Amino acid sequence: MELEELYQSIILEHSRRPRNKGPLEGATHTAVGNNPACGDEIAVQVRLGPTGIVEAAQFTGQGCAISQAAASLFTIKLKGKTQEEACKLIRQFIEMVKGLPEEEDRSGKPSGEMLFGDLAAFAGVRKFPQRVKCATLAPNAFYEIFAGHRSENA
Ligand code: ZN
């Protein structure tokens, strides 16, 4: 299987069967993201533990396959992370998705591929600038939560 097909299958799988979708019981923080150009509307919720660790992350809302898959994957990736770790992961993900021009990374793997695991599936989105907002919608909403509340538990 080509790497690109594998990546597409990860995104499709998560958009068809999103993980952690639905209201989060005991949520401590909520943020919303809208992408009117595509019609994506997502709300993300996290429950932070007393030490600031992400105990749970969930999302609700609707949108295209890419926005749903990104939300689904991030609910998995963020669980168990500190807010600092979460912010860092999201920043790196967004950098990856916005990416370098295609010709500059054709020679090698997208940077951070090992670090991201399934999230690396979104590296291909950089070739479709109009979809970058879809991929970054949920991560940006999560980032808003973590960046905004980081100092509370620092
Ligand atoms: Zn979209």
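Above this text you will find the structure in question.
A few points on the structure. (Residues numbered from 1 in each chain as written. Predicted model: local features only at pLDDT ≥ 70, side-chain atom pairs only at ≥ 80, totals over all residues. Heavy atoms only, no water.)

### So, the nonpolar core
- Counting 43 residues, the largest nonpolar core has Val44, Phe93, Phe122, Phe142 and Phe146 as the members making the most contacts within it.
- Secondary-structure elements contributing two or more residues to this core are α1 (3–16), β2 (40–48), β3 (54–62), α2 (65–78), α3 (83–98) and α6 (129–149).
- It is α6 that provides the largest number of residues to this core, a total of nine residues.
- The residues contacting Val44, other than those within four sequence positions of it, are His29, Thr30, Ala31, Gln58, Phe59, Ala138, Ala141, Phe142 and Ile145. (Core = buried A, V, L, I, M, F, W, Y, C linked by side-chain atoms within 4.5 Å. Buried < 20%, exposed > 50% of the residue type's maximum accessible area, 1.4 Å probe, protein only. Helix = DSSP H or I, 4+ residues; strand = E, 2+ residues; numbered from the N terminus. Contact = heavy atoms within 4.5 Å.)

### Let's talk about the pattern of salt bridges
- Evaluation of the coordinates by the stated rule reveals three salt bridges.
- Of the charged contacts in the structure, one is a salt bridge between Arg19 and Glu13, with a shortest N-O distance of 2.7 Å.
- In this structure Glu13 comes out as partly exposed when scored by relative accessible area, which is 29%.
- Across the salt bridge formed by Glu55 and Arg47, the nearest N and O atoms sit 3.2 Å from each other.
- Owing to a relative accessible area of 35%, Glu55 belongs among the partly exposed residues under this scheme.
- By relative accessible area, Arg47 is classed as partly exposed at 27%.
- Each member of the salt-bridge network shares a partner with another, and the members are Glu13, Arg17 and Arg19. (Salt bridge = Lys/Arg side-chain N within 4 Å of Asp/Glu carboxyl O.)

### Describing the environment of Lys133
- Relative to the helices and strands, Lys133 resides in helix α6.
- Lys133 sits 96 residues away from Ala37 along the chain, and the two C-alpha atoms are 8.9 Å apart.

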